[in-house]
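So you can see what is in the structure, the chains are spelled out below.
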Amino acid sequence: MGMFGLLLALGAVAIAQWWHGGTLMTLLDGPAFVIVVGGTWGAVILQTPRKYMQRALKQVRWMLFPPQWDLREQAERLQTWAQFARQQGLLALEDQAEAESDPFTCQGLTMIVDGVSIDDIRMLQEADIDIEQERNEHAARVFEAMGGYSPTIGIIGAVIGLIQAMFHLDQPDTLGAGIAIAFVATIYGVGFANLIYLPIANRLRAFHYQYGLYQEMTLEGLLAIAHGENGLQVERRLRAYLKGE
């Protein structure tokens, strides 16, 4: 759905341009593109620590390949583990911990097997949730910052274009075209901000929220297992997280 939204937005701009009798070629300008994109990325790279920039770039692929955190499947696994632990004991969860691919779930199961107290499990896992959310928020802020810089740098590009156009005041035939091209930078700045950068930032936040919910539900289930609750009790605990799934 994400790519469909982008194509719809760009298509609307293209159709409007054609409707007014213009051509798409009038919206293409290499220098304006270089100024807006290069200036935006340069400003963001300047303000962003490397580790946050790398995380943001890694998460861009989520626009094409959204991560899957299946809450219902995780709830079923937690119920199964709860029933298994009631029958075989908490130490029997060691194999499940070793086979678990999600680091958060693996750490929780390992602490249960190691006999860590329920209060300590909650404290440590909640700290992990908070830290992970903070790191992910920095990734979203990278694109939010791009959305803030891009329109302003677009204006810079437009002013540069107008300066160049002013050198041709003695050529009225080319002056109008030069001014029109100058304003393409403004379109790029505003368009990239509102059609690409800000939507990406907010979509990443939606993914981060989903993962946070996944972690909170997992923690609730793990605490229930550590408390010795059975599968039915775990299901009741997790029911609220599954509404709307």
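What counts, and at which threshold
Residues numbered from 1 in each chain as written. Predicted model: local features only at pLDDT ≥ 70, side-chain atom pairs only at ≥ 80, totals over all residues. Heavy atoms only, no water. Axes fitted to C-alpha atoms, helices over the stretch in contact; angles between N-to-C directions. Helix = DSSP H or I, 4+ residues; strand = E, 2+ residues; numbered from the N terminus. Parallel < 35°, antiparallel > 145°, perpendicular 65-115°, else oblique. Left-handed = near helix turned anticlockwise from the far one by under 90°. Contact = heavy atoms within 4.5 Å. Nonpolar A, V, L, I, M, F, W, Y, C, P; charged D, E, K, R; others polar. Expected span 1.5 Å × (residues − 1). Buried < 20%, exposed > 50% of the residue type's maximum accessible area, 1.4 Å probe, protein only. Arc of directions from axis to C-beta. Polar contact = N/O pair within 3.5 Å; in protein donor to acceptor, adjacent residues only side chain to side chain.

S.K.: Even after reading the chapter, I still don't get the packing of helix α2 (residues 30-47) against helix α7 (residues 118-166), so can you show me in this structure?
M.R.: If you want to describe how two helices pack, look at the angle between their axes and the distance between the axes. Axis separation between α2 and α7 bottoms out at 8 Å; the angle between their running directions is 135 degrees. By the angle class used here, α2 and α7 are oblique. Both α2 and α7 take part in a crossing whose hand is right-handed. Residue-level contacts link Ile35, Val36, Gly39, Thr40, Trp41, Ala43, Val44 and Gln47 of α2 to Val142, Ala145, Met146, Tyr149, Ser150, Ile153, Gly154, Gly157 and Ile160 of α7.

S.K.: So what exactly am I meant to see when it comes to the packing of helix α3 (residues 50-59) against α7 here?
M.R.: Where α3 meets α7, the axes come as close as 9 Å, and the angle between the chain directions of the two elements is 80 degrees. Here α7 runs roughly perpendicular to α3, going by the angle between their axes. Taking contact as the criterion, the partners of Tyr52, Met53, Arg55, Ala56 and Gln59 in α3 are, on α7, Glu132, Arg135, Asn136, His138, Ala139, Val142, Phe143 and Met146. Tallied by class, the residues present in the contact of α3 with α7 amount to 7 nonpolar, 3 polar and 3 charged.

S.K.: Sorry if this is basic, but what is going on with helix α4 (residues 71-88) here?
M.R.: Helical geometry note: an α-helix holds 3.6 residues per turn, so side chains three or four residues apart project in the same direction. The end-to-end C-alpha separation of α4 is 25 Å, in line with the 26 Å expected for 18 residues at 1.5 Å each. Those residues of α4 lying buried are Leu71, Gln74, Ala75, Leu78, Trp81, Ala82 and Ala85. The arc that holds the buried residues of α4, viewed along the axis, is 125 degrees, so those residues lie on one side. Opposite the buried face of α4, at more than 90 degrees from it, the exposed residues are Thr80, Gln87 and Gln88. Its side-chain oxygen at 3.1 Å from the backbone nitrogen of Arg72, Asp70 defines the N-terminal cap of α4. Note on α4: the residue one or two positions beyond its end, Gly89, has a positive phi of about 100 degrees.

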